[in-house]
Amino acid sequence: MPAYLRKVALLGKPILLVDGYAGPGVFDDGEPGSPLIMCSAAEKYVKSQYSALFVNHNPSHHNKLQEILVKQGWNSRAKAILGDSSQLLNILSTQLRDQTVFVYLDPFGLKGCEFNTLKPFLTRSNQFSTEIVINMSMPITHRLAAPKAKAEGRENDPRITSNRNRMTKVFGGDYWQEIYFSDMLAGEKEFAVMEEYRNLISQYLPYTGSCPVRESTSSRIKYFITFASRHIDAMLLLNDEMCKAYFGQMHEADFGDLPLFANTNWQSFRTSKQLDSIVIAILKKNPGIKRKALWELIIQEHFMKFTASEYKESVKNLAGRTTGERIIVTYTETNRLNDNCGLLFTDT
Ligand SMILES: C[S@@+](CC[C@H](N)C(=O)[O-])C[C@H]1O[C@@H](n2cnc3c(N)ncnc32)[C@H](O)[C@@H]1O
(Lines give C-alpha, C1' and ligand atoms only; values in the text may rest on other atoms or scores of the structure.)
Protein backbone atom coordinates (compact mmCIF):
# COMPACT_ATOMS: atom_id res chain seq x y z
CA MET A 1 0.00 0.00 0.00
CA PRO A 2 2.66 2.65 0.86
CA ALA A 3 4.50 2.38 -2.45
CA TYR A 4 1.27 2.23 -4.45
CA LEU A 5 -0.29 5.21 -2.63
CA ARG A 6 2.81 7.39 -2.88
CA LYS A 7 2.84 6.77 -6.59
CA VAL A 8 -0.83 7.28 -7.43
CA ALA A 9 -0.94 10.41 -5.25
CA LEU A 10 1.02 12.05 -8.08
CA LEU A 11 -1.89 11.52 -10.50
CA GLY A 12 -3.72 14.17 -8.47
CA LYS A 13 -7.09 12.41 -8.65
CA PRO A 14 -9.27 11.39 -5.72
CA ILE A 15 -8.23 7.93 -4.55
CA LEU A 16 -10.94 5.38 -3.82
CA LEU A 17 -10.01 2.24 -1.89
CA VAL A 18 -12.60 -0.53 -1.90
CA ASP A 19 -12.36 -3.65 0.25
CA GLY A 20 -15.30 -5.77 -0.90
CA TYR A 21 -14.97 -8.45 1.79
CA ALA A 22 -13.49 -6.42 4.58
CA GLY A 23 -13.93 -8.58 7.68
CA PRO A 24 -13.84 -7.10 11.20
CA GLY A 25 -10.58 -5.15 10.85
CA VAL A 26 -8.53 -7.16 13.34
CA PHE A 27 -7.97 -10.89 13.46
CA ASP A 28 -8.55 -12.92 16.63
CA ASP A 29 -4.80 -12.86 17.34
CA GLY A 30 -4.82 -9.05 17.24
CA GLU A 31 -3.14 -8.77 13.83
CA PRO A 32 -4.54 -5.98 11.68
CA GLY A 33 -6.85 -7.04 8.85
CA SER A 34 -6.98 -5.53 5.39
CA PRO A 35 -9.16 -2.45 6.23
CA LEU A 36 -6.69 -1.36 8.90
CA ILE A 37 -3.70 -1.96 6.67
CA MET A 38 -5.31 0.05 3.87
CA CYS A 39 -6.47 2.89 6.12
CA SER A 40 -3.26 3.32 8.10
CA ALA A 41 -1.28 3.61 4.88
CA ALA A 42 -3.82 5.96 3.29
CA GLU A 43 -3.87 8.19 6.39
CA LYS A 44 -0.12 8.40 6.27
CA TYR A 45 0.46 8.96 2.56
CA VAL A 46 -2.72 10.38 1.00
CA LYS A 47 -4.67 11.71 3.98
CA SER A 48 -6.59 14.45 2.22
CA GLN A 49 -6.95 12.63 -1.07
CA TYR A 50 -8.56 9.29 -0.27
CA SER A 51 -11.86 7.73 0.63
CA ALA A 52 -12.41 4.08 1.49
CA LEU A 53 -15.36 1.69 1.43
CA PHE A 54 -15.33 -1.46 3.54
CA VAL A 55 -18.13 -3.89 2.85
CA ASN A 56 -19.33 -6.70 5.12
CA HIS A 57 -22.52 -8.71 5.10
CA ASN A 58 -21.90 -10.07 8.58
CA PRO A 59 -23.32 -7.52 11.07
CA SER A 60 -20.87 -8.39 13.86
CA HIS A 61 -17.88 -7.91 11.50
CA HIS A 62 -19.42 -4.67 10.29
CA ASN A 63 -20.00 -3.36 13.82
CA LYS A 64 -16.55 -4.25 15.02
CA LEU A 65 -14.97 -2.57 12.01
CA GLN A 66 -17.20 0.48 12.36
CA GLU A 67 -16.10 0.84 15.99
CA ILE A 68 -12.43 0.72 15.02
CA LEU A 69 -12.86 3.30 12.26
CA VAL A 70 -14.56 5.69 14.71
CA LYS A 71 -12.00 5.07 17.44
CA GLN A 72 -9.12 5.81 15.05
CA GLY A 73 -10.87 8.94 13.80
CA TRP A 74 -10.85 7.58 10.23
CA ASN A 75 -14.62 7.44 9.78
CA SER A 76 -14.96 10.70 7.86
CA ARG A 77 -12.95 9.20 5.00
CA ALA A 78 -13.48 5.48 5.56
CA LYS A 79 -16.99 4.05 5.56
CA ALA A 80 -18.01 0.64 6.79
CA ILE A 81 -20.97 -0.59 4.76
CA LEU A 82 -23.29 -3.40 5.80
CA GLY A 83 -24.55 -5.22 2.73
CA ASP A 84 -23.82 -7.58 -0.10
CA SER A 85 -20.58 -6.79 -1.83
CA SER A 86 -21.50 -7.97 -5.36
CA GLN A 87 -24.48 -5.61 -5.36
CA LEU A 88 -22.50 -2.73 -3.97
CA LEU A 89 -19.66 -3.20 -6.45
CA ASN A 90 -22.16 -3.29 -9.26
CA ILE A 91 -23.71 0.02 -8.23
CA LEU A 92 -20.35 1.57 -7.47
CA SER A 93 -18.98 0.78 -10.92
CA THR A 94 -21.72 2.88 -12.54
CA GLN A 95 -20.86 5.88 -10.33
CA LEU A 96 -17.13 6.04 -10.94
CA ARG A 97 -15.67 9.07 -12.68
CA ASP A 98 -11.98 9.85 -12.86
CA GLN A 99 -10.99 8.42 -9.46
CA THR A 100 -7.89 6.36 -8.96
CA VAL A 101 -9.45 3.08 -7.89
CA PHE A 102 -8.04 0.18 -5.88
CA VAL A 103 -10.36 -2.81 -5.44
CA TYR A 104 -9.46 -5.62 -3.06
CA LEU A 105 -11.58 -8.79 -3.06
CA ASP A 106 -10.92 -11.40 -0.40
CA PRO A 107 -14.08 -13.47 0.07
CA PHE A 108 -14.10 -16.84 1.78
CA GLY A 109 -14.18 -19.51 -0.95
CA LEU A 110 -14.96 -18.50 -4.50
CA LYS A 111 -18.35 -16.88 -4.01
CA GLY A 112 -17.77 -13.19 -4.55
CA CYS A 113 -14.96 -13.57 -7.12
CA GLU A 114 -17.27 -13.90 -10.13
CA PHE A 115 -15.76 -12.54 -13.31
CA ASN A 116 -18.82 -10.37 -13.91
CA THR A 117 -18.18 -8.63 -10.59
CA LEU A 118 -14.74 -7.62 -11.84
CA LYS A 119 -15.78 -6.78 -15.36
CA PRO A 120 -17.00 -3.19 -14.81
CA PHE A 121 -13.65 -2.40 -13.20
CA LEU A 122 -11.68 -4.24 -15.85
CA THR A 123 -13.44 -2.37 -18.63
CA ARG A 124 -12.92 1.12 -17.17
CA SER A 125 -11.22 3.47 -19.58
CA ASN A 126 -7.47 3.14 -19.31
CA GLN A 127 -7.31 6.90 -18.96
CA PHE A 128 -8.04 6.20 -15.31
CA SER A 129 -6.00 4.26 -12.83
CA THR A 130 -7.55 0.96 -11.77
CA GLU A 131 -5.92 -1.79 -9.73
CA ILE A 132 -7.57 -5.01 -8.71
CA VAL A 133 -6.25 -7.46 -6.13
CA ILE A 134 -8.15 -10.68 -5.64
CA ASN A 135 -7.65 -13.65 -3.32
CA MET A 136 -8.92 -16.85 -4.81
CA SER A 137 -9.26 -19.98 -2.73
CA MET A 138 -7.80 -23.07 -4.42
CA PRO A 139 -8.80 -26.22 -2.47
CA ILE A 140 -12.47 -25.62 -3.23
CA THR A 141 -11.89 -25.51 -7.00
CA HIS A 142 -11.27 -29.28 -7.09
CA ARG A 143 -14.49 -30.06 -5.27
CA LEU A 144 -16.51 -27.74 -7.50
CA ALA A 145 -14.94 -29.13 -10.68
CA ALA A 146 -15.75 -32.72 -9.59
CA PRO A 147 -13.42 -34.31 -12.16
CA LYS A 148 -14.46 -37.84 -11.21
CA ALA A 149 -18.21 -37.20 -11.56
CA LYS A 150 -18.42 -38.75 -15.02
CA ALA A 151 -16.61 -41.93 -14.06
CA GLU A 152 -18.83 -42.20 -11.00
CA GLY A 153 -22.02 -41.70 -13.05
CA ARG A 154 -22.92 -38.45 -11.23
CA GLU A 155 -22.46 -36.08 -14.14
CA ASN A 156 -26.15 -35.18 -14.34
CA ASP A 157 -26.50 -34.47 -10.64
CA PRO A 158 -27.89 -30.90 -10.47
CA ARG A 159 -25.41 -30.02 -7.70
CA ILE A 160 -22.51 -30.94 -9.96
CA THR A 161 -23.95 -28.82 -12.75
CA SER A 162 -24.47 -25.90 -10.42
CA ASN A 163 -20.95 -26.15 -8.93
CA ARG A 164 -19.41 -26.32 -12.37
CA ASN A 165 -21.43 -23.29 -13.44
CA ARG A 166 -19.94 -21.48 -10.48
CA MET A 167 -16.43 -22.33 -11.71
CA THR A 168 -17.33 -20.98 -15.15
CA LYS A 169 -18.72 -17.78 -13.64
CA VAL A 170 -15.67 -17.24 -11.45
CA PHE A 171 -13.07 -17.99 -14.11
CA GLY A 172 -14.98 -16.12 -16.81
CA GLY A 173 -15.19 -19.11 -19.18
CA ASP A 174 -15.14 -22.90 -19.28
CA TYR A 175 -11.43 -23.23 -20.10
CA TRP A 176 -10.96 -24.56 -16.55
CA GLN A 177 -12.61 -27.86 -17.62
CA GLU A 178 -9.80 -29.00 -19.88
CA ILE A 179 -7.39 -28.37 -17.01
CA TYR A 180 -9.39 -29.88 -14.16
CA PHE A 181 -10.56 -32.91 -16.16
CA SER A 182 -6.98 -33.72 -17.18
CA ASP A 183 -4.62 -36.04 -15.32
CA MET A 184 -2.37 -33.22 -14.11
CA LEU A 185 -1.52 -33.12 -10.40
CA ALA A 186 -3.76 -30.90 -8.26
CA GLY A 187 -1.05 -28.24 -7.83
CA GLU A 188 -0.32 -28.20 -11.55
CA LYS A 189 -4.01 -27.66 -12.29
CA GLU A 190 -4.04 -24.69 -9.93
CA PHE A 191 -1.07 -23.00 -11.59
CA ALA A 192 -2.47 -23.78 -15.04
CA VAL A 193 -5.92 -22.37 -14.33
CA MET A 194 -4.45 -19.22 -12.79
CA GLU A 195 -2.31 -18.71 -15.85
CA GLU A 196 -5.34 -18.92 -18.14
CA TYR A 197 -7.28 -16.67 -15.78
CA ARG A 198 -4.54 -14.04 -15.92
CA ASN A 199 -4.46 -14.32 -19.72
CA LEU A 200 -8.15 -13.51 -19.72
CA ILE A 201 -7.82 -10.59 -17.31
CA SER A 202 -4.86 -9.20 -19.21
CA GLN A 203 -7.11 -8.59 -22.22
CA TYR A 204 -8.47 -5.74 -20.09
CA LEU A 205 -5.71 -4.77 -17.66
CA PRO A 206 -2.47 -5.88 -19.29
CA TYR A 207 -0.19 -6.35 -16.29
CA THR A 208 -1.13 -9.26 -14.07
CA GLY A 209 0.60 -11.62 -11.69
CA SER A 210 -0.23 -14.17 -9.00
CA CYS A 211 1.40 -15.23 -5.78
CA PRO A 212 0.57 -18.64 -4.29
CA VAL A 213 -0.05 -18.63 -0.54
CA ARG A 214 0.73 -21.75 1.48
CA GLU A 215 2.15 -22.75 4.85
CA SER A 216 5.41 -24.27 3.57
CA THR A 217 7.01 -25.51 0.36
CA SER A 218 5.48 -28.96 0.77
CA SER A 219 1.95 -27.83 1.66
CA ARG A 220 -0.93 -27.36 -0.70
CA ILE A 221 -1.75 -23.89 -1.96
CA LYS A 222 -4.47 -22.20 0.08
CA TYR A 223 -5.10 -19.38 -2.32
CA PHE A 224 -3.60 -17.24 -5.03
CA ILE A 225 -3.35 -13.48 -4.65
CA THR A 226 -3.72 -12.06 -8.14
CA PHE A 227 -3.35 -8.45 -9.18
CA ALA A 228 -4.25 -6.66 -12.38
CA SER A 229 -3.12 -3.20 -13.40
CA ARG A 230 -2.90 -1.01 -16.48
CA HIS A 231 0.61 0.00 -15.46
CA ILE A 232 3.90 -1.93 -15.55
CA ASP A 233 4.99 -0.17 -12.35
CA ALA A 234 2.44 -2.20 -10.36
CA MET A 235 4.00 -5.36 -11.72
CA LEU A 236 7.54 -4.17 -10.97
CA LEU A 237 6.55 -3.33 -7.42
CA LEU A 238 4.56 -6.47 -6.72
CA ASN A 239 7.18 -8.69 -8.31
CA ASP A 240 9.62 -7.74 -5.58
CA GLU A 241 7.06 -7.61 -2.76
CA MET A 242 5.60 -11.02 -3.60
CA CYS A 243 9.00 -12.61 -4.22
CA LYS A 244 10.30 -11.49 -0.81
CA ALA A 245 7.06 -12.37 1.00
CA TYR A 246 6.70 -15.80 -0.59
CA PHE A 247 10.30 -17.00 -0.34
CA GLY A 248 10.71 -15.34 3.08
CA GLN A 249 7.70 -17.26 4.41
CA MET A 250 8.84 -20.52 2.78
CA HIS A 251 12.29 -20.18 4.31
CA GLU A 252 10.85 -19.48 7.74
CA ALA A 253 8.46 -22.44 7.49
CA ASP A 254 11.02 -24.88 6.07
CA PHE A 255 14.10 -23.92 8.13
CA GLY A 256 12.89 -21.60 10.93
CA ASP A 257 12.98 -24.25 13.66
CA LEU A 258 16.26 -25.89 12.61
CA PRO A 259 19.15 -24.60 14.77
CA LEU A 260 21.65 -25.41 12.00
CA PHE A 261 20.02 -22.78 9.82
CA ALA A 262 19.45 -20.21 12.55
CA ASN A 263 21.58 -17.55 10.91
CA THR A 264 20.21 -17.93 7.41
CA ASN A 265 17.49 -16.11 5.53
CA TRP A 266 15.59 -16.75 2.31
CA GLN A 267 18.40 -15.25 0.25
CA SER A 268 21.12 -17.44 1.76
CA PHE A 269 20.70 -20.35 -0.67
CA ARG A 270 19.72 -18.46 -3.83
CA THR A 271 21.94 -18.97 -6.84
CA SER A 272 22.08 -16.77 -9.92
CA LYS A 273 22.41 -19.63 -12.40
CA GLN A 274 18.79 -19.81 -13.48
CA LEU A 275 18.42 -16.04 -13.67
CA ASP A 276 21.63 -15.70 -15.72
CA SER A 277 20.26 -18.17 -18.30
CA ILE A 278 16.96 -16.31 -18.46
CA VAL A 279 18.70 -12.95 -18.87
CA ILE A 280 20.79 -14.37 -21.71
CA ALA A 281 17.84 -16.10 -23.42
CA ILE A 282 15.66 -12.98 -23.45
CA LEU A 283 18.56 -10.68 -24.33
CA LYS A 284 19.40 -12.85 -27.36
CA LYS A 285 15.90 -12.20 -28.69
CA ASN A 286 16.13 -8.45 -27.96
CA PRO A 287 19.60 -7.22 -28.92
CA GLY A 288 20.39 -3.66 -27.82
CA ILE A 289 17.53 -3.54 -25.32
CA LYS A 290 17.91 -1.26 -22.31
CA ARG A 291 18.46 -2.79 -18.88
CA LYS A 292 15.10 -1.64 -17.53
CA ALA A 293 13.15 -2.88 -20.56
CA LEU A 294 14.86 -6.27 -20.33
CA TRP A 295 13.79 -6.58 -16.68
CA GLU A 296 10.20 -5.74 -17.64
CA LEU A 297 10.22 -8.57 -20.17
CA ILE A 298 11.71 -10.98 -17.63
CA ILE A 299 9.10 -10.37 -14.95
CA GLN A 300 6.31 -10.79 -17.47
CA GLU A 301 7.59 -14.29 -18.27
CA HIS A 302 8.92 -15.19 -14.82
CA PHE A 303 6.82 -13.21 -12.38
CA MET A 304 7.88 -13.28 -8.73
CA LYS A 305 10.85 -15.60 -9.24
CA PHE A 306 13.62 -13.01 -8.81
CA THR A 307 14.02 -9.53 -7.33
CA ALA A 308 15.17 -6.41 -9.16
CA SER A 309 18.43 -6.35 -7.20
CA GLU A 310 19.18 -9.99 -8.10
CA TYR A 311 18.57 -9.06 -11.74
CA LYS A 312 20.93 -6.07 -11.57
CA GLU A 313 23.57 -8.24 -9.95
CA SER A 314 23.16 -10.85 -12.69
CA VAL A 315 23.56 -8.22 -15.45
CA LYS A 316 26.60 -6.78 -13.67
CA ASN A 317 28.25 -10.20 -13.42
CA LEU A 318 27.48 -11.12 -17.01
CA ALA A 319 28.82 -7.76 -18.19
CA GLY A 320 31.95 -8.29 -16.08
CA ARG A 321 32.88 -11.53 -17.85
CA THR A 322 35.65 -11.32 -20.39
CA THR A 323 35.08 -14.64 -22.15
CA GLY A 324 32.23 -17.05 -22.89
CA GLU A 325 28.56 -16.14 -22.77
CA ARG A 326 28.34 -12.56 -21.57
CA ILE A 327 26.85 -9.12 -21.93
CA ILE A 328 28.39 -6.18 -23.76
CA VAL A 329 27.16 -2.78 -22.70
CA THR A 330 26.55 -0.99 -25.99
CA TYR A 331 25.37 2.31 -24.70
CA THR A 332 25.84 4.25 -21.50
CA GLU A 333 25.15 7.87 -20.66
CA THR A 334 27.24 8.04 -17.54
CA ASN A 335 29.82 5.29 -17.86
CA ARG A 336 27.98 3.43 -15.14
CA LEU A 337 25.71 0.47 -15.52
CA ASN A 338 22.18 1.76 -15.06
CA ASP A 339 18.62 1.24 -16.33
CA ASN A 340 19.27 3.21 -19.53
CA CYS A 341 22.25 1.17 -20.65
CA GLY A 342 21.85 -0.75 -23.90
CA LEU A 343 22.80 -4.44 -23.66
CA LEU A 344 23.95 -7.01 -26.16
CA PHE A 345 24.66 -10.72 -25.88
CA THR A 346 27.92 -12.19 -27.13
CA ASP A 347 29.78 -15.47 -26.81
CA THR A 348 32.69 -14.74 -29.07
C1 LIG B 1 -11.67 -13.69 4.22
S2 LIG B 1 -12.62 -12.56 5.12
C3 LIG B 1 -11.82 -11.05 4.80
C4 LIG B 1 -10.59 -10.79 5.60
C5 LIG B 1 -10.00 -9.44 5.31
N6 LIG B 1 -9.71 -9.25 3.90
C7 LIG B 1 -8.75 -9.20 6.13
O8 LIG B 1 -7.63 -9.33 5.61
O9 LIG B 1 -8.87 -8.83 7.29
C10 LIG B 1 -14.09 -12.40 4.17
C11 LIG B 1 -15.10 -11.46 4.75
O12 LIG B 1 -16.10 -11.18 3.77
C13 LIG B 1 -17.40 -11.29 4.33
N14 LIG B 1 -18.33 -11.61 3.23
C15 LIG B 1 -18.53 -12.82 2.65
N16 LIG B 1 -19.43 -12.71 1.65
C17 LIG B 1 -19.80 -11.42 1.58
C18 LIG B 1 -20.68 -10.67 0.75
N19 LIG B 1 -21.36 -11.26 -0.24
N20 LIG B 1 -20.78 -9.36 0.95
C21 LIG B 1 -20.09 -8.74 1.92
N22 LIG B 1 -19.24 -9.38 2.75
C23 LIG B 1 -19.10 -10.72 2.60
C24 LIG B 1 -17.25 -12.37 5.38
O25 LIG B 1 -18.25 -12.27 6.37
C26 LIG B 1 -15.86 -12.03 5.97
O27 LIG B 1 -15.96 -11.04 6.95
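Residues numbered from 1 in each chain as written. Predicted model: local features only at pLDDT ≥ 70, side-chain atom pairs only at ≥ 80, totals over all residues. Heavy atoms only, no water.

Draft legend 1. Representation of the overall build of the protein in the model. In terms of regular secondary structure, the protein is built from 13 helices and 9 strands. Here the C-alpha radius of gyration of the protein, 23 Å, is about what a compact globule of 348 residues would show, namely 20 Å. Across the 348 residues that make up the protein, the buried fraction comes to 45%. Here the analysis covers contacts within the protein between residues at least 6 apart in sequence; of these, 64% occur between residues at least 24 apart. Total accessible area on the protein is roughly 18300 Å²; 51% of this is exposed by carbon and sulfur atoms. (Helix = DSSP H or I, 4+ residues; strand = E, 2+ residues; numbered from the N terminus. Rg over C-alpha atoms; globule rule 2.2 N^0.38 Å. Buried < 20%, exposed > 50% of the residue type's maximum accessible area, 1.4 Å probe, protein only. Contact = heavy atoms within 4.5 Å. Areas by Shrake-Rupley, 256 points an atom, 1.4 Å probe, with all protein chains shown as cover.)

Draft legend 2. Structural context of the nonpolar core. Counting 58 residues, the largest nonpolar core has Leu-17, Tyr-50, Phe-54, Val-279, Leu-294 and Tyr-311 as the members making the most contacts within it. Excluding residues that lie within four positions of it along the chain, Tyr-50 makes contacts with Ile-15, Leu-17, Cys-39, Ala-42, Glu-43, Trp-74, Arg-77 and Ala-78. Counting residues in hydrophobic clusters, the runner-up holds 39 residues, among them Val-103, Leu-110, Leu-118 and Trp-176. (Core = buried A, V, L, I, M, F, W, Y, C linked by side-chain atoms within 4.5 Å.)

Draft legend 3. Spatial organisation of the layout of surface pockets. The volume enclosed by the second largest pocket comes to roughly 1000 Å³. Lining the second largest pocket are 40 residues, and of these Phe-247, His-302, Phe-303, Met-304 and Lys-305 sit closest to its centre. Counting residues per element, the ones that place at least two in the lining of the second largest pocket are α9 (186-201), β6 (207-213), α10 (232-255), α11 (273-285), α12 (291-301) and α13 (308-320). Broken down by element, the lining of the second largest pocket gets its largest block of residues, 7 residues, from α10. (1 Å grid on protein atoms, 1.4 Å probe; cavity = no way out; pocket = protein on both sides within 12 Å on 5 of 7 lines; lining within 4 Å. Points joined across faces, edges and corners; volume = space filled by probe spheres on them.)

Draft legend 4. Seen up close, the site of the ligand. Not every one of the 17 residues close to the ligand is listed here, only the nearest: Ser-34, His-61, Asp-84, Ser-85 and Asp-106. When the ligand is considered free in solution it has 600 Å² of accessible area, and contact with the protein chains removes 87% of it. Its residues assigned to classes, the shell around the ligand comprises 5 nonpolar, 10 polar and 2 charged. (Near = heavy atom within 4 Å. Nonpolar A, V, L, I, M, F, W, Y, C, P; charged D, E, K, R; others polar.)

Draft legend 5. Up close: the environment of Ala-293. Relative to the elements of secondary structure, Ala-293 occurs in helix α12. C-alpha of Ala-293 to C-alpha of Asp-339: the two residues are 46 residues apart in sequence and 8.0 Å apart in space.

Draft legend 6. Main features of the domain arrangement of the protein. You can read the domains of the protein as domain 1 (2-255) and domain 2 (273-346). Here the C-alpha centroids of domain 1 and domain 2 sit 33 Å apart. Taken together, the contact pairs 17 residues of domain 1 with 12 residues of domain 2. Among the residues of domain 1 in contact with domain 2, Met-235, Leu-236 and Asn-239 are the three that bury the most area, contributing 43% of the side total. (Domains from an automatic or database assignment. Buried area = accessible area lost by both parts, 1.4 Å probe.)

Draft legend 7. Layout of unusual backbone geometry. Of note in this structure, Ala-146 is not a glycine but carries a positive phi near 45°. By the element assignment, Ala-146 lies in the loop between α6 (139-145) and α7 (158-171). Although it is not a glycine, Met-304 sits at a positive phi angle of roughly 75°. With respect to the secondary-structure elements, Met-304 resides in the loop between α12 and α13. Note on Met-304: relative accessible area 6%, which makes it buried.

Draft legend 8. Main features of α7. Between the first and last C-alpha of α7 there are 20 Å, a value that for 14 residues agrees with the 20 Å anticipated at 1.5 Å per step. Along α7, the residues classified as buried are Ile-160, Asn-163, Arg-164, Met-167, Val-170 and Phe-171. Here the buried residues of α7 occupy an arc of 120° about the axis, which is enough to place them on one side. Relative to its buried face, α7 has exposed residues pointing more than 90 degrees away, namely Pro-158 and Lys-169. Buried-residue contacts for α7 involve α5 (115-122), β5 (130-137), α6, α8 (176-180) and α9. At the N-terminal boundary of α7, the capping side chain belongs to Asp-157, with an oxygen 2.8 Å from the backbone nitrogen of Arg-159. One or two residues past the end of α7 sits Gly-172, with phi positive at roughly 75°. (Expected span 1.5 Å × (residues − 1). Arc of directions from axis to C-beta. Polar contact = N/O pair within 3.5 Å; in protein donor to acceptor, adjacent residues only side chain to side chain.)

Draft legend 9. Geometry of the packing of helix α4 (residues 85-95) against α5. For the pair α4 and α5, interaxial distance at closest approach is 9 Å and the crossing angle is 20°. As far as their axial angle goes, α5 and α4 are roughly parallel. The interaxial crossing formed by α4 with α5 has left-handed handedness. Each of Ser-86, Leu-89, Leu-92 and Ser-93 in α4 lies in contact with α5, whose residues at this interface are Thr-117, Pro-120 and Phe-121. (Axes fitted to C-alpha atoms, helices over the stretch in contact; angles between N-to-C directions. Parallel < 35°, antiparallel > 145°, perpendicular 65-115°, else oblique. Left-handed = near helix turned anticlockwise from the far one by under 90°.)

Draft legend 10. Examining the state of the cysteines more closely. Taken as a whole and assessed by the stated rule, the structure comprises 0 disulfides. Unpaired in this structure, Cys-211 has its nearest cysteine sulfur neighbour in Cys-243, at a distance of 9.1 Å. Of the residues examined, Cys-211 reaches a relative accessible area of 6% and is grouped as buried. (Disulfide = S-S within 2.5 Å.)

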